[in-house]
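Coordinate analysis (summary)
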Amino acid sequence: MALWTAAEAVAATGGKTSGEWQVSGVSIDTRTLTRGDLFVALKDVRDGHDFVAQALANGAGAALVSRIPEGVAKDAPLLLVDDVLEGLEALGRAARARMKGKVIGVTGSVGKTSTKEMLRSCLSGQGVVYAAEKSYNNHWGVPLTLARMPRETEFAVIEIGMNHPGEISPLAQMADLDVALITIVAPAHLEAFDNIEGIAREKAAIFDGLRTGGRAIINGDLEVATLLKELAPEGVQSFGRADGNDWHLLDAEQGPHATVCRARHEGEAVLFKIATPGKHFSMNGLAALAACVAAGADLGQSVVNLGQWQPPQGRGQRHFLSLDGSDESVGIDLIDDAYNANPASVGAALDVLSGTKTSQPQGRRIAVLGDMKELGPTEADLHATLAQHPGLESIAKIHCVGPLMKHLHAALPSDKRGAWSETAEALAPEMRKLVHAGDVVMVKGSLSMKMALIVDAITKLSQSGQAKRKGHH
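Residues numbered from 1 in each chain as written. Predicted model: local features only at pLDDT ≥ 70, side-chain atom pairs only at ≥ 80, totals over all residues. Heavy atoms only, no water.

Concerning the pattern of salt bridges
This structure, assessed with the given rule, holds 15 salt bridges. In this structure, the salt-bridge partner of R211 is D176, at a minimum N-O distance of 2.9 Å. Of this pair, R211 sits in strand β12 (residues 210–219) while D176 sits in the loop between α6 (168–175) and β11 (177–182), and the two are 35 residues apart along the sequence. Here R211 falls in the partly exposed class, since its relative accessible area comes to 33%. Overall, D176 belongs to the partly exposed group, its relative accessible area being 25%. A salt bridge links D439 to R364; the shortest N-O distance between them is 2.7 Å. Of this pair, D439 sits in the loop between α15 (431–434) and β22 (440–444) while R364 sits in the loop between α11 (343–354) and β19 (365–370), and the two are 75 residues apart along the sequence. Through salt bridges with shared partners, a single ionic network connects K116, E117, R120 and E159. (Salt bridge = Lys/Arg side-chain N within 4 Å of Asp/Glu carboxyl O. Helix = DSSP H or I, 4+ residues; strand = E, 2+ residues; numbered from the N terminus. Buried < 20%, exposed > 50% of the residue type's maximum accessible area, 1.4 Å probe, protein only.)

Rendered as structure tokens:
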């Protein structure tokens, strides 16, 4: 069945088109366009209208445009609207209106994407599940996600993010939510907000998108939990470690390959497992289970499915890199968390590292940290304060990348102070000297810091078998 027919797209957007066409997907990028997609000519770094001819040549079924671009035939399958982004938003709203299932919206300073992916896992097999492939959570990402949603969807998970005040409310209203989940409120975007209460109020704007009778779920352990409860509709549910939470996490045991969690809900025990080490994942997992139940899914099935979930690349994924062809147990444990960073998520990552056992007795725990961006006027202090994190006690060395991480580097005790470089490019070649067999290495930083280059450099040591063994260099 077509995702959109010409008639449906015209009815949704109020646009004009010539001829009959139908599309099976929606794309904003000619590089990832699939044959049969509707190409949306958004204006971003470049004007999408410049790529319409190429998109149609590559097999696009039609293009959403605000003018007929040069080099495109007048009878080409074009959907002509006044404003392309508004046209995409209209498609998103129409897709939501025709879909009869439940929509869960997820926002938060940390853990949006991992919680979204946990929900995708939890709900699988309980109906037709749809969630964005990537972190499409901004002013064009949310309408794009909705416009791509198949009409037969029974559970949709929509990630909603923000950089500036006023962004979340219209996106949440567009998604028309049955369940709204706030994972955590942390100083992730203080450049745009005066304080943590300002961030909390913006996150709580997700409740503007709740349908009548919709359910709100919040983290009850936050210092702003009382404020969130005041801003939430009646019947708000909380999750967390503190007594009094509706979903009460009793404990989380971090093993080498999994985290086993015990919780209580309405007097009943809830035991669940996550197939990756990390106590912070236990809170996301509990939040996901609460959202599944609020959306009408089965708790037992959701718990079983959650046990299959693993973090995606760059978000806490673990790899063992063998360094010795003759002995596969000799190598480096790499925790790849290079996709994103703010004070809360770096703290959680340091907790994971400090609780990870080394594979060899002589192995060390090593962190490689890149700058955390968008933290506003207190950014230097927020970096330096990481030196006081309790997890550092069991971490041997911390290597730092970037001008902001120089503040942490200076604040570290001398025995833990590793290398510092301005860029990941500069530090990457040094990794062969800085890590040894038996070490556990965690790499984390904001995406723009390109910490994936450090991950690649460490991974290549395995392929060449060239990391020096401790005691043999």
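Details of the packing of aromatic side chains
Each aromatic ring pair is characterised by the separation of its centres together with the angle its planes make. According to the stated counting rule, one finds one aromatic pair in the structure shown. The side chain of R98 reaches across the aromatic face of W4, ending 3.9 Å from its centre. Cation over ring: K406 sits above W420, and NZ or CZ is 4.2 Å from the ring centre. (Phe/Tyr/Trp six-rings, centres within 6.5 Å; stacked < 30°, edge-to-face > 60°. Lys NZ or Arg CZ within 6 Å of the ring centre and 35° of its normal.)

Quick word on the packing of helix α9 (residues 279–294) against helix α10 (residues 299–306)
Contact pair α9 / α10: the axes reach a minimum separation of 10 Å and the direction vectors enclose 145°. Regarding α9 and α10, the two cross each other, and that crossing is right-handed. Note on element contacts: α10 touches α9 through L299, S302, V303 and L306, opposite G285, L289, C292 and V293. For the contact of α9 with α10, the residue count by class is six nonpolar, two polar and no charged. (Axes fitted to C-alpha atoms, helices over the stretch in contact; angles between N-to-C directions. Left-handed = near helix turned anticlockwise from the far one by under 90°. Contact = heavy atoms within 4.5 Å. Nonpolar A, V, L, I, M, F, W, Y, C, P; charged D, E, K, R; others polar.)

Brief notes about the sheet that holds strand β5 (residues 37–40)
The five strands are arranged β2-β7-β6-β5-β4 in an open sheet whose pairing can be described as mixed. One side of each edge strand has no neighbouring strand; the edge strands of this open sheet are β2 (16–17) and β4 (25–27). Its contacts with the sheet place helix α3 (residues 84–98) against β4, β5 and β6 (62–65), and it is angled at close to 120° to β6. (Pairing = 2+ DSSP bridges.)

Some words on α10
Looking at α10, one finds that the buried residues are S302, V303, N305 and L306. Taken end-on, α10 shows its buried residues confined to a sector of 165°, consistent with a single buried face. Its buried side turned inward, α10 meets α4 (112–123), β16 (268–274) and α9. N-cap assignment for α10: the residue whose side-chain oxygen lies 3.2 Å from the backbone N of G300 is D298. (Arc of directions from axis to C-beta. Polar contact = N/O pair within 3.5 Å; in protein donor to acceptor, adjacent residues only side chain to side chain.)

Topic: unusual backbone geometry
Even without being glycine, D176 reaches a positive phi, approximately 50°. Even without a glycine there, the phi angle at K450 is positive, about 55°. Looking at the element boundaries, K450 is found in the loop between β22 and α16 (452–464).

A closer look at the nonpolar core
Ranked by internal contacts, the top residues of the largest apolar core, which has 36 residues, are I160, L177, V185, I206, F207 and L228. Looking at this core, the elements that each hand over two or more residues are α5 (141–147), β10 (155–159), α6, β11, α7 (196–204), β12 and α8 (225–231). A total of five residues in this core trace back to one element, the largest contributor, which is α6. Those residues in contact with I160, other than ones at most four positions away along the chain, are V106, T107, K112, N137, V142, I168, L171, A172, L177 and I206. The next biggest cluster of nonpolar side chains, apart from the first, holds 35 residues, and it includes L123, A263, I274 and A291. (Core = buried A, V, L, I, M, F, W, Y, C linked by side-chain atoms within 4.5 Å.)

As for α3
Taking 1.5 Å per residue as the helical rise, α3 with its 15 residues ought to reach 21 Å, and the 21 Å between its terminal C-alpha atoms agrees with that figure. When α3 is considered as a whole, its buried residues turn out to be V84, G87, L88, E89, A90, L91, G92, A95, R96 and R98. For α3, the N-terminal cap is D83; the gap from its side-chain oxygen to the backbone nitrogen of L85 is 3.1 Å. (Expected span 1.5 Å × (residues − 1).)

Quick look at the sheet that holds strand β9 (residues 129–131)
Strand order in the open sheet made by the nine strands is β9-β10-β8-β11-β12-β13-β14-β15-β16, with mixed pairing throughout. Only two strands of the sheet have a single partner each, and these edge strands are β9 and β16. Direction aside, neighbouring strands of the sheet carry axes that sit 20° apart on average. Relative to β10, strand β8 (residues 102–107) runs parallel, the two being bridged by five bridges. Considered in β10, the bridge of V106 is made with E159. The strands touched by α4 are β8, β9, β10, β11 and β16; relative to β10, the strand with the most contacts, the crossing angle is about 175°.

What about the packing of α4 against α9?
Following both chains from N to C, one finds α4 and α9 inclined at 50°, their axes separated by 9 Å at the closest point. Between α4 and α9, the interaxial angle falls into the category oblique. Along this stretch, α4 crosses α9, giving a crossing that reads as right-handed. Of the residues in α9, those in contact with S114, T115, M118, L119, C122 and L123 of α4 are F281, N284, G285, A288, L289, A291 and C292. When grouped by side-chain class, the residues that make up the contact of α4 with α9 number nine nonpolar, four polar and no charged. (Parallel < 35°, antiparallel > 145°, perpendicular 65-115°, else oblique.)

Concerning the environment of P277
Structurally, P277 is set in the loop between β16 and α9. The sequence separation of P277 and T356 amounts to 79 residues, and the corresponding C-alpha distance is 7.8 Å. Those residues in contact with P277 that lie beyond four places of it in its chain are Q254, G255, P256, H257, A258, T259, R318 and V352.

Here we look at the confidence of the model for the protein chain
For residues with low pLDDT, the predicted coordinates do not support detailed interpretation. Of all residues in the protein chain, 95% have pLDDT values of 70 or greater, and the mean over the chain is 90. Confidence drops under pLDDT 50 across residues 465–473; counting only partners more than four residues distant or on other chains, this segment forms 19 contacts. (pLDDT = per-residue confidence, 0-100.)

Concerning the side chain of K203
Along the chain, K203 turns up in helix α7. Residues within four places of K203 in sequence aside, it is in contact with T107, G108, S109, M162, I168, I182 and V185.

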